[in-house]
Amino acid sequence: MMDTFNNLLEVTSERGDLIQIKVYDILDENQYNKTFVIYTLAGEDSTIFASILNETDTDYSLDSITNSDELQYINNEIDMIVNEIEEYS
């Protein structure tokens, strides 16, 4: 999984800003009928974020995760990624 840690994606934030993110994982979760992305801001690896990833034919955008069940699911996924990062450090 370490090779996926170098994937960069350009997305539009909820505020409309174009940002580049470093993607750790993209999760297509059928239970929630959503796609989640776990990432850091490119060049800033100290904080891991998660958002809903929206994809159109021409671009990607991010939305906040507000549902408590979705947040719990994503926090578990982030914990697994953090453990894997620490394992390889």
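Bear in mind that the values here come from a model prediction, so they are computed numbers and not experimental data. (Residues numbered from 1 in each chain as written. Predicted model: local features only at pLDDT ≥ 70, side-chain atom pairs only at ≥ 80, totals over all residues. Heavy atoms only, no water.)

## Here's the deal with the environment of Leu-8
Thinking step 1. Of note, Leu-8 is situated in strand 1 (residues 7-12).
Thinking step 2. Along the chain, Leu-8 and Thr-40 lie 32 residues apart, while their C-alpha atoms are 9.7 Å from each other.
Thinking step 3. With near-sequence residues (within four places) excluded, Leu-8 lies in contact with Gln-20, Ile-21, Lys-22 and Ala-42. (Helix = DSSP H or I, 4+ residues; strand = E, 2+ residues; numbered from the N terminus. Contact = heavy atoms within 4.5 Å.)

## Details of helix 1 (residues 68-88)
Thinking step 1. The first and last C-alpha atoms of helix 1 sit 30 Å apart over 21 residues, in line with the 30 Å expected at 1.5 Å per residue.
Thinking step 2. Taken residue by residue, helix 1 has Glu-70, Tyr-73, Ile-74, Glu-77, Ile-78, Ile-81 and Glu-84 as its buried positions. Around the axis of helix 1, the buried residues are gathered within 135° of arc, so they sit on the same side. Facing away from the buried surface of helix 1 by more than 90 degrees, the exposed residues are Ser-68, Gln-72, Glu-86 and Glu-87.
Thinking step 3. Elements in contact with the buried residues of helix 1: strand 2 (18-29), strand 3 (34-41) and strand 4 (44-55). (Expected span 1.5 Å × (residues − 1). Buried < 20%, exposed > 50% of the residue type's maximum accessible area, 1.4 Å probe, protein only. Arc of directions from axis to C-beta.)

## Considering the packing of aromatic side chains
Thinking step 1. All chains considered together, the criterion is met by four aromatic pairs.
Thinking step 2. Between Tyr-32 and Tyr-73, the aromatic rings sit 5.9 Å apart at their centres with planes inclined by 55°, giving tilted as the arrangement. Residue Tyr-32 is located in the loop between strand 2 and strand 3, and its partner Tyr-73 is located in helix 1; the two are separated by 41 residues in the primary sequence. Residues Tyr-32 and Tyr-73 agree in their burial class; the two are buried.
Thinking step 3. Plain terms: the ring middles of Phe-36 and Tyr-73 are 6.1 Å apart, the flat faces sit at 50° to each other, and that makes the pair tilted. Here the residue Phe-36 occupies a position in strand 3, and Tyr-73 occupies one in helix 1, the gap between them amounting to 37 residues. (Phe/Tyr/Trp six-rings, centres within 6.5 Å; stacked < 30°, edge-to-face > 60°.)

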